[in-house]
Amino acid sequence: MEVNMQKKKVSLIQKIIIICGKAGDKLPHPAILYCYVTAFFLLVAHFLNGTEFRIPGQEEVSRVTTLLNRPGLEYMLTKMFSNFSGMSILPILIVMAAAVGIGEASGFWETLVVKCFKKIPDRFLVFLFLLVCINGNLMSDASLIIFPVLGAMLFQSRNRNPLLGITLAYGGYLCGLSANLFLASTDANVAAVTNDVLPTLEITKNLTIHVASNYYFMAVSAIVLAIVGTFITKWVVEPAINQDSTIDCKAGFDPDAFGGHSPEQNRGLRLAGLVSLCYILIILAMVIPKNGLLRNAETLTILPKSPFMSSIVPLLAILFGLAGAVYGFAAKTMTRGTDVINAMGNGIKSIANVLVVFFIAAQFINYLTKTNLAAYFAVSGANWLAGKGLTGIPLIIALVILVSIINIFAGSVSTKWAMIAGIIIPMMALLGYHPAYAQCIYRVGDALTNSVNPIFYYLPLILGVVQKYKKDAGVGTVVAYQIPYFLGYSVVWTAMLILWYVMGWNLGPMAPVML
């Protein structure tokens with residue numbers, strides 16, 4: 001296999017990416033980095049111990065609390081294991097790794113990738129793959145487990161650098177989070193938080209934010225970001241990646257899987273497709289009818305909460321595992337049930353190093369919450385912005401930047417919004433902006449720094465996939481290739497927010513920019 005990696009003259013920005021990557025790779029292992037960061041913030045919390053602040057919507061005054069005392073030491077020791085087991089990503093990661101492992105062992109993913117993308121011209125490949133990844137929040141965080149693996153296989157099968165597929169999967173999903181052609185749980189979660197804040201002001205108490213309040217903007221964003229990302233990939237990222245001679249583009253390459261389809265492989269794909277279709281039809285039969293089993297038993301709705309929305313990841317895991325196993329037996333790459341169990345075990349084994357990092361990351365995330373540091377930084381930043389008296393375009397830009405910074409340290413999309421919505425929504429409403437627009441600005445800022453955050457808890461997961469092809473890869477390798485997407489998306493997405501403001505376009509049905 002000769003991978004298409006022609007080295008061309010390196011531009012200035014490509015040189016900067018390469019330098020940033022090499023410098024970043026000198027950072028400690030993510031597990032050690034989390035130890036340093038955790039120690040630093042414990043000291044910060046100790047220094048700010050007793051500092052009072054008020055979270056909008058809460059009657060009690062909140063305080064920053066130190067853990068560097070007797071009660072704190074007791075808390076850290078007794079909660080160490082529950083912090084780890086309480087990470088929502090942990091069961092998702094383990095179950096999805098097991099399910100994906102079946103397809104990897106049977107050869108299902110390689111064959112599927114070649115079959116699905118075989119007739120797509122190279123010039124459309126990056127755009128289509130990016131568009132799929134940007135819409136990945138339909139699958140929740142399971143996207144970060146399946147898309148990087150498939151991306152590497154896809155680009156490897158097309159005689160291109162597998163690291164490019166991983167980079168696109170990571171940046172597309174995280175840096176484009178919230179942009180979507182379809183409504184997802186993220187839309188419902190942030191809308192619920194916004195609605196909780198609306199009664200605080202007379203001018204907003206009679207308003208309602210619905211699930212589709214940002215739909216027009218986010219649907220257009222998904223397409224625009226995919227186009228922008230395609231140009232960034234072609235002119236900046238792919239040439240920079242191809243300069244790295246330490247990447248083993250042949251790692252895990254199976255000529256039989258990528259070269260063509262044998263009768264066994266074709267039979268495996270047909271049967272796997274048939275079983276998958278039957279499975280999907282059964283799920284739809286429990287979702288589409290008004291009284292479907294997977295709808296909310298009380299409201300008979302799907303969004304914001306229902307058994308279907310809460311079970312997306314388990315349903316996907318069953319689908320992936322079932323398709324991989326059926327393919328394996330039909331294609332004769334698996335002959336016994338033991339082969340399936342071993343494949344699941346090997347899938348979980350492949351994330352062992354990631355679990356070590358997650359154990360330490362779990363302590364860091366919990367300590368930020370327990371000490372109230374995350375809430376303190378979020379509320380302080382929002383109060384600072386509110387006191388600046390900005391309006392118009394400067395306010396839009398400042399709010400995007402503020403949320404992007406808060407995003408580095410705070411938790412999930414809805415958690416951060418709950419911390420600052422009580423300040424941002426009233427502030428913007430008093431200036432004449434509709435709460436749907438405040439929510440939209442927040443969602444843009446919340447996505448931008450995800451993929452360049454060196455302490456983002458998903459980074460070790462991606463690093464594990466990258467190291468399959470580049471053994472000496474570190475934090476710098478992953479983050480450096482995300483910088484162009486971060487910069488490009490920051491400019492374009494903020495410009496879109498300004499364009500909507502200037503033109504007065506609706507963000508979604510009955511969701512204007514101004515009150």
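Each remark here, short or long, concerns the structure printed above.
Figured I'd write up the structure that's included with this text. Residues take numbers from 1 onward in each chain, read along the sequence in its written order. Totals for whole chains, interfaces and linings use all residues, but because this is a predicted model, local features are given only for residues with pLDDT of at least 70 and pairs of side-chain atoms are given and counted only at 80 or more. Heavy atoms throughout the structure, all of them, feed into the side-chain values; hydrogens and water do not.

Describing the overall build of the protein
Rule in force here: In this text, helices come from DSSP runs of H or I with a minimum length of four residues, and strands from runs of E with a minimum of two, each type numbered from the N-terminal end. Values of the radius of gyration come from C-alpha atoms, whereas the globule rule sets the reference at 2.2 Å times the count of residues to the power 0.38. The classification of residues rests on relative accessible area computed with a 1.4 Å probe and restricted to protein chains. Under 20% of the type maximum is buried, over 50% is exposed, and intermediate values are partly exposed. Only the protein chains shown count as cover for residues, and all accessible areas are computed by the Shrake-Rupley method using a 1.4 Å probe. Just so you know, the count uses Lys and Arg for positive and Asp and Glu for negative, and it drops His and the chain ends. The location of each charge is read from NZ of Lys, CZ of Arg, CG of Asp or CD of Glu.
Looking only at helices and strands, one finds 24 helices and two strands in the protein. Its C-alpha atoms give the protein a radius of gyration of 24 Å, within 12% of the compact-globule value 24 Å for 515 residues. Taking the principal axes of the C-alpha coordinates as reference, the protein spans close to 70 × 55 × 50 Å. When the 515 residues of the protein are sorted by exposure, 54% land in the buried category. Summed over its atoms, the accessible surface of the protein is roughly 22700 Å², and 66% of this surface lies on carbon and sulfur atoms. The protein carries 34 positive and 23 negative side-chain charges, and their two centres are separated by 5 Å.

Points about the packing of aromatic side chains
Note the threshold: Classification of ring pairs uses Phe, Tyr and Trp, with its six-membered ring standing for Trp, and accepts pairs whose centres are within 6.5 Å; under 30 degrees between planes counts as stacked, over 60 as edge-to-face, and the remaining range as tilted.
Summed over the entire model, instances satisfying the criterion amount to 20 aromatic pairs. Taking 5.7 Å as the distance between ring centres and 55° as the angle between the ring planes, the aromatic pair formed by F108 and Y327 counts as tilted. Of this pair, F108 sits in helix 6 (residues 108-117) while Y327 sits in helix 15 (residues 312-330), placing them 219 residues apart in sequence. What makes F108 buried here is its relative accessible area of 6%. Take Y327: its relative accessible area is 2%, and that puts it in the buried class. Their ring planes at 50° and their centres at 5.9 Å tell us that Y376 and F377 sit as a pair that is tilted. Judged by its relative accessible area of 18%, Y376 is buried.

A short note on the pattern of salt bridges
This is how the line gets drawn: One speaks of a salt bridge when a side-chain nitrogen belonging to Lys or Arg is within 4 Å of a carboxyl oxygen belonging to Asp or Glu.
Across all of its chains, the model carries nine salt bridges by this definition. Among the ionic pairs, R443 bridges to D187, the shortest N-O distance being 3.0 Å. One end of the pair, R443, is in helix 21 (residues 435-448); the other, D187, is in helix 10 (residues 185-197), with 256 residues separating them in the sequence. For D187, a relative accessible area of 5% translates into the label buried. The network of salt bridges with shared partners includes D244, K470 and D472.

Here we look at a nonpolar patch on the surface
Heads up, the rule is: Patches in this entry comprise residues that are over 30% relatively accessible and not in a salt bridge; like charges within 9 Å are linked, as are nonpolar side chains (Val, Leu, Ile, Met, Phe, Trp, Tyr) within 5 Å.
Taken together, I393, I397, I401, I405, F409, L499, V502, M503 and W505 make up a surface patch of nonpolar side chains, about 770 Å² in accessible area. Counting residues per element, the ones that place at least two in the nonpolar patch are helix 19 (392-409) and helix 24 (483-503). When residues of the nonpolar patch are assigned to their parent elements, the largest contribution, five residues, is made by helix 19. The residue M503 is located in helix 24 in this model.

Thoughts on helix 5 (residues 89-106)
One turn of the α-helix equals 3.6 residues, which is why residues spaced by three or four share an orientation. Cut-off, in case you're wondering: Any helix carries an expected span of 1.5 Å times its number of residues minus one.
Taking 1.5 Å per residue, 18 residues should reach 26 Å; helix 5 reaches 26 Å between its end C-alpha atoms and fits that length. Across the 18 residues that make up helix 5, a large majority, 13, are buried. Looking one or two places after helix 5, you find G107, whose phi comes out positive at around 85°.

What about the layout of surface pockets?
Short version of the rule: The definitions used throughout rest on a 1 Å grid laid over the protein atoms alone, on which a cavity is an enclosed set of points accommodating a 1.4 Å probe that cannot get out and a pocket is an open set flanked by protein within 12 Å on both sides along at least five of seven lines; lining residues are those having an atom within 4 Å of a point. Grid points are joined across faces, edges and corners, and a volume is the space filled by probe spheres set on the points. Side-chain classes are defined by residue name, with Ala, Val, Leu, Ile, Met, Phe, Trp, Tyr, Cys and Pro counting as nonpolar, Asp, Glu, Lys and Arg as charged, and the others, Gly among them, as polar.
For the second largest pocket, the calculated volume is near 960 Å³. What lines the second largest pocket is a set of 33 residues, among which M139, I280, L316, L319 and F320 lie closest to the centre. Residues belonging to the lining of the second largest pocket are distributed by class as follows: 31 nonpolar, one polar and one charged.

Points about the side chain of N180
Defined as follows: As used in this structure description, the phrase polar contact means that two N or O atoms lie within 3.5 Å; if the pair is within protein, one of them must be able to donate a hydrogen and the other to accept it, and residues adjacent in sequence are counted only when both atoms belong to side chains. Any pair of residues with heavy atoms lying within 4.5 Å of one another is described as a contacting pair.
Looking at where N180 falls in the secondary structure, it is placed in the loop between helix 9 (162-175) and helix 10. Classification of N180 by relative accessible area gives buried; the value is 2%. Among the polar contacts made by the side chain of N180, one reaches the side chain of N137 at a distance of 2.3 Å. Among residues more than four places away in sequence, those in contact with N180 are N135, N137, L138, Y215, M218, A219 and A222.

Notes on the packing of helix 8 (residues 143-157) against helix 9
To keep it simple, the criterion reads: With axes taken as lines fitted to C-alpha atoms, and helix axes fitted only over the stretch in contact, angles between N-to-C directions fall between 0 and 180 degrees. For any pair of crossing helices, the crossing counts as left-handed if the nearer helix is rotated counterclockwise from the farther one by less than a right angle, and right-handed if it is rotated clockwise.
Where helix 8 contacts helix 9, the two axes come as close as 7 Å, and the packing angle between them is 145°. The crossing of helix 8 and helix 9 is right-handed. Only P162, L164, G165, I166, L168, A169, Y170, Y173 and L174 of helix 9 make contact with helix 8, whose side of the interface consists of S143, L144, F147, P148, G151, A152, F155 and Q156. The residue makeup of the contact of helix 8 with helix 9, split by class, is 13 nonpolar, four polar and no charged.

Focus: the nonpolar core
Filter applied, for reference: Residues belong to one nonpolar core when they are buried, are Ala, Val, Leu, Ile, Met, Phe, Trp, Tyr or Cys, and are joined through side-chain atoms within 4.5 Å.
Membership of the largest hydrophobic core comes to 168 residues, with the highest contact counts inside it found for F217, I420, M428 and W493. The biggest single contributor to this core is helix 11 (residues 215-241), with 11 residues. The contacts of F217, once residues within four sequence positions are left out, are C440, V444, W493, M496, L497, W500 and L507.

Comments concerning a positive patch on the surface
Together, K115, K118, K119 and R270 line one region of the surface with positive charge. Relative to the elements of secondary structure, K115 occurs in helix 6. Judged by relative accessible area, which is 49%, K115 ranks as partly exposed.

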